[in-house]
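Residue-level structure breakdown
Listed here are the chains, written in short residue letters.
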Amino acid sequence: MAELLDELRRHDLTCAPHVLVRIIVQLGGDVPTIREMITRLDPPTRFGLRPLPAPLPMVGTIRAKYDSLVLDERDHDLLLAVSLCLGDELEPLLAFDGRIADELMLSAIGPHLSLHAGRVRFVDPLLDIWIRASADPAVEAAVNERLVEIFAARGDRVSADWHRSRAALHGVPEAASELIRIARELSEAGHSSRALQLAGEAAAHAVGVELDEARVVAGASSIAAGYATEAAAWLGPLFPDGAERYRLQGLSALVIAQAYLQGAVPAIDPDSFRPSTQDPDDWYSWTRAGAFAAVLCAERGDSRGMRRWLSALRDGCAKVGSERELRDPVVALSWLLAGEPDLEPVEGSGPLSGGMLRALHSAIAGDIDTGLRLIAVGDSGLGAEVDPFVAGFEYSPVVNAYRAIVEVLLLMWRGDVRIARERMLQAAMTLPVAMPFAGLGVVLLRRLDLAVLGRIGPFGDALTASLPAAARLDHLVDRAIEAHLAGAFEEASSFMKLWSDRGRPRPALNVDGLDELDPIGENRGLAAAVVAPPEIREAQRLRSRIAATTDGRWRVEREELLVATRALVSPFSRARVESMLGVRAVILNDLGAASEHLRTARRLFDVAGADAWANAVAHRLARVEEEAAGDDTARDSLTVCRLAWAPLLTSRELEVAMKVVAGSSNRRIGEELQLSVRTVEVHLGRVFTKLDVRNRVELTVLAHRTAQYL
């Protein structure tokens, strides 16, 4: 799978992992056909924004395999009937053909069919595509007409209506209502793709308000499956021309689709969609749209939009009497995502406003294990509840993706890096994980890839490419981490400085970056708008203190830092602090303490599964031990000093310090930087104060000690 994703990316055919898995399954794992099929799909389909065509298109490898197959009319029609049926029940097909199962197995088409436990399917799914693509339209219509009679006789109205609509050359409005009804039921049971198939067929035959209803069901099923482009296409025609009831029912799904595709919730006035009737159902639809819009604004850092939609939510909930069931959990979730979590218990229910919200609150309060148990209970299906927030879609792929992302986030917060990455990869192969929390899943996988591999892997690359252009990822932090782990410290520091200059963008739910290199003047701990458990905040605070501590303060604060560091439970968080303690000890020429801290960091990174971090620390440890053994190998002092001193000095002070270490006089420094000698002396005085040295000689000695940790 990873190799195939890599190969596709090299040919500019990036495919979302969950889409590629579906293609692999539908093509029976035939790699040449998979490659050729993907070239036939447009980007929205490859990225999971539209469903795969049904059936998949004919390609050369399939044609070459089956064009020489000779079938008599009876066998061909039976195979075509197998392909056309909604389900895989054997009995209707035996009634269609007239032979019993044993006779079929002994016939010419026996090797092509698998009959088991009353079910029938193609042995080779490629034959299914060939049969459909090579069938004459008139023959296909005739087979559908025969299937109408068979399913009508069996009392299967849905299948009868399906085949009636497929056989018709013109619209069959009478078939639409039953298809819509079953599509709603399938959608609410979590079968979003099948629901979309039925609703789409209904829309091809419905007229008037029934067409509006079919569009709503198709659009809602689309967004539940993650098909944002498809949802927008179905729901767009409802505005402004659709019946008000169905406009209101489709508003939530359209807001979700547009927010994902555009990167922001559409700038619309909630009151412009306020129901004109007193019908409770209309008001509830409008209220739920307000709930979704508020949460989506919160995910994207739009606090003004969030407040506007929360106001609409409160009005609607007062109208329909759902303050406790819908308003309170959605308000709590919105403020949590906006960076101001309310840690008071929230009485929500169902997978999102209940279990997921409780899991996040538990983790943010410091009890990550309880949060993970709450997610696990929801995954087990025990105690399933209706969720007023996502009512009817509790089992949809997008809701499952939200819960999977929260599980991965909690595992990462707990320090289980390898397990978090494995769970993320599993989720990426089955769910639209790029949609929840404004692309948080993509950020998570990229950081987990870096922690384990030291680079962005094929899954991370594929998910990144599948995001809409409006999505915002802090690529600068990713590049800084990659450079840092590869030992390119000056490059890493430059990327972090650029990130800081851009306003330090980051997800509201904290994903660890590289605060080892965070510029000191702007690092005030995790920003108020970033949500994290207490231990994550404490580890970040410790790293900030270590980076900012001068030699003089270090002697006073070291014991306190050691005690606080050893209280950290997360192996990943503690390892990063231990690594920084080791670096600081090297700068102070305490090689014994440095080795101890770096060994501890390496062991903890191993426990966490953060292989790339462990390798980077092992490299530093080897250099420290070489130095302790008396190895006089030359070091690149300037590169190391830039890394170690950047958090302490302004950019101008750092340039002056680097030139002093390189041996330049104050006059020459002034000429090179176009500064007066007096200004150089002022900068140098500040450098001496911040680095706790008295003169140029001591600064050069400190630079030599600093270089020893590489």
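Here, every reference points to the structure presented above.
This structure is a prediction, so every number in the text was calculated from the model and none was measured.

**Looking at the packing of helix H12 (residues 176-188) against helix H13 (residues 192-203)**
Each pair of packed helices can be described by the angle between their axes along with the distance between the axes. Close contact between H12 and H13 brings their axes to 8 Å; oriented N to C, the two are set at 160 degrees. It follows that H12 is roughly antiparallel to H13 by the angle criterion. Handedness of the crossing formed by H12 with H13: left-handed. Contacts from Ala176, Leu179, Ile180, Ile182, Ala183, Leu186 and Ser187 of H12 reach H13 at Arg194, Ala195, Leu198, Ala199, Glu201 and Ala202. The class makeup of the residues in the contact of H12 with H13 is ten nonpolar, one polar and two charged.

**Here we look at the pattern of salt bridges**
Two side chains bearing opposite charge may form a pair once their charged atoms approach each other closely. Tallied over the entire structure, the rule returns 47 salt bridges. Across the salt bridge formed by Asp478 and Arg446, the nearest N and O atoms sit 2.7 Å from each other. Separated by 32 residues along the polypeptide, Asp478 in helix H26 (residues 475-485) and Arg446 in helix H24 (residues 440-453) bring together distant segments of the chain. Taking relative accessible area as the criterion, Asp478 reaches 4% and is therefore assigned buried. Among the charged side chains, a salt-bridge network with shared partners connects Arg157, Asp161, Arg164, Glu178, Arg181 and Glu185.

**Comments concerning unusual backbone geometry**
The omega torsion of the bond from Ala54 to Pro55 falls at 0 degrees, within 30 degrees of zero and hence cis. One can find Pro55 in the loop between helix H4 (43-46) and helix H5 (60-66). The omega angle of the peptide bond from Phe239 to Pro240 is 5 degrees, so this bond is cis rather than trans. In this fold, Pro240 is placed in the loop between helix H15 (228-235) and helix H16 (244-262). A positive phi is found at Phe437, a non-glycine position, where the angle reads about 50 degrees.

**A few points about helix H11 (residues 157-167)**
Taking burial as the measure, the eleven residues of H11 include eight buried ones, the bulk of the element. For H11, the set of buried residues is Val158, Ser159, Ala160, Asp161, Trp162, His163, Ser165 and Ala167. Those residues of H11 that are buried lie in contact with helix H6 (73-84), helix H10 (137-153), H12 and H13.

What counts and how
- Residues numbered from 1 in each chain as written.
- Predicted model: local features only at pLDDT ≥ 70, side-chain atom pairs only at ≥ 80, totals over all residues.
- Heavy atoms only, no water.
- Axes fitted to C-alpha atoms, helices over the stretch in contact; angles between N-to-C directions.
- Helix = DSSP H or I, 4+ residues; strand = E, 2+ residues; numbered from the N terminus.
- Parallel < 35°, antiparallel > 145°, perpendicular 65-115°, else oblique.
- Left-handed = near helix turned anticlockwise from the far one by under 90°.
- Contact = heavy atoms within 4.5 Å.
- Nonpolar A, V, L, I, M, F, W, Y, C, P; charged D, E, K, R; others polar.
- Salt bridge = Lys/Arg side-chain N within 4 Å of Asp/Glu carboxyl O.
- Buried < 20%, exposed > 50% of the residue type's maximum accessible area, 1.4 Å probe, protein only.

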